[in-house]
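Breakdown of the fold
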Amino acid sequence: MAVHPGGTVRLGDIVDQNLGCRYPNLHVCDASVIPEPWGLPPTLTLLTLARYLARILAQGSATAERK
Ligand SMILES: Cc1cc2nc3c(=O)[nH]c(=O)nc-3n(C[C@H](O)[C@H](O)[C@H](O)COP(=O)(O)OP(=O)(O)OC[C@H]3O[C@@H](n4cnc5c(N)ncnc54)[C@H](O)[C@@H]3O)c2cc1C
């Protein structure tokens with residue numbers, strides 16, 4: 001899509017459900033992970049995606065601190 005591009009690093013393809021990829025500690029969190037042609041204003045979706053990843057990262061660091 002011209003105004004709302006996405007899908008260049010698709011969820012379920014290059015990134016997993018934790019927005020991680022095959023390189024440790026490298027996450028992708030932007031419109032590129034949207035798996036299908038979008039065509040809609042994505043900002044609200046991307047904000048919630050950032051919140052989702054923040055929770056995952058916070059859980060990971062909490063687990064690391066306990067070790
Ligand atoms: C004219 C226009 C109007 C829009 N209006 C709306 C709207 O009303 N509502 C809505 O929801 N959406 C709107 N959108 C769409 C929305 O703004 C974008 O789709 C959204 O911002 C994409 O978010 P993103 O995080 O994927 O990419 P971006 O917001 O483009 O963020 C990418 C970031 O990566 C940085 N970057 C790029 N390359 C590198 C690099 N090599 N190294 C380091 N950093 C890099 C860039 O500087 C940028 O900060 C509009 C888009 C346009 C163009």
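Higher on the page you've got the structure.
Scoring rules and cut-offs
- Residues numbered from 1 in each chain as written.
- Predicted model: local features only at pLDDT ≥ 70, side-chain atom pairs only at ≥ 80, totals over all residues.
- Heavy atoms only, no water.
- Helix = DSSP H or I, 4+ residues; strand = E, 2+ residues; numbered from the N terminus.
- Buried < 20%, exposed > 50% of the residue type's maximum accessible area, 1.4 Å probe, protein only.
- Near = heavy atom within 4 Å.
- Polar contact = N/O pair within 3.5 Å; in protein donor to acceptor, adjacent residues only side chain to side chain.
- Areas by Shrake-Rupley, 256 points an atom, 1.4 Å probe, with all protein chains shown as cover.
- Core = buried A, V, L, I, M, F, W, Y, C linked by side-chain atoms within 4.5 Å.
- Contact = heavy atoms within 4.5 Å.

**A closer look at the overall build of the chain**
Within the chain, the regular secondary structure consists of one helix and zero strands. Its C-alpha atoms give the chain principal-axis dimensions of roughly 45 × 25 × 15 Å. Per-residue burial over the chain gives 19% buried out of 67 residues.

**Remarks on the site of the ligand**
The ligand sits among V3, H4, D30, A31, P41, P42, T43 and L46. Within the backbone of A31, an N or O atom sits 2.7 Å from an oxygen atom of the ligand. Between T43 and the ligand, the recorded distance is 2.9 Å, taken from a side-chain N or O atom to an oxygen atom. Here the ligand loses 26% of its free accessible area of 1,000 Å² to cover by the protein chains.

**Some thoughts on unusual backbone geometry**
Here the phi dihedral of L19 falls at roughly 60 degrees; this positive angle occurs in a residue that is not glycine. Summarising the element assignment, L19 is placed in the segment before α1 (43-66). Classification of L19 by relative accessible area gives buried; the value is 0%. Within the chain, N25 stands out as a residue other than glycine whose phi angle is a positive 65 degrees. Mapped onto the secondary structure, N25 falls in the segment before α1. We classify N25 as exposed; its relative accessible area is 76%.

**Points about the environment of W38**
Within the secondary structure, W38 sits in the segment before α1. Under the relative-accessibility criterion, W38 is labelled partly exposed at 33%. For W38 and P5, which are 33 residues apart along the polypeptide, the C-alpha to C-alpha distance reads 7.5 Å.

**A word on the nonpolar core**
Ranked by size, the top nonpolar core spans six residues in total: V15, L19, V28, V33, L49 and L53. Discounting chain neighbours no more than four positions away, the residues touching V28 are V9, V15, L19 and V33.

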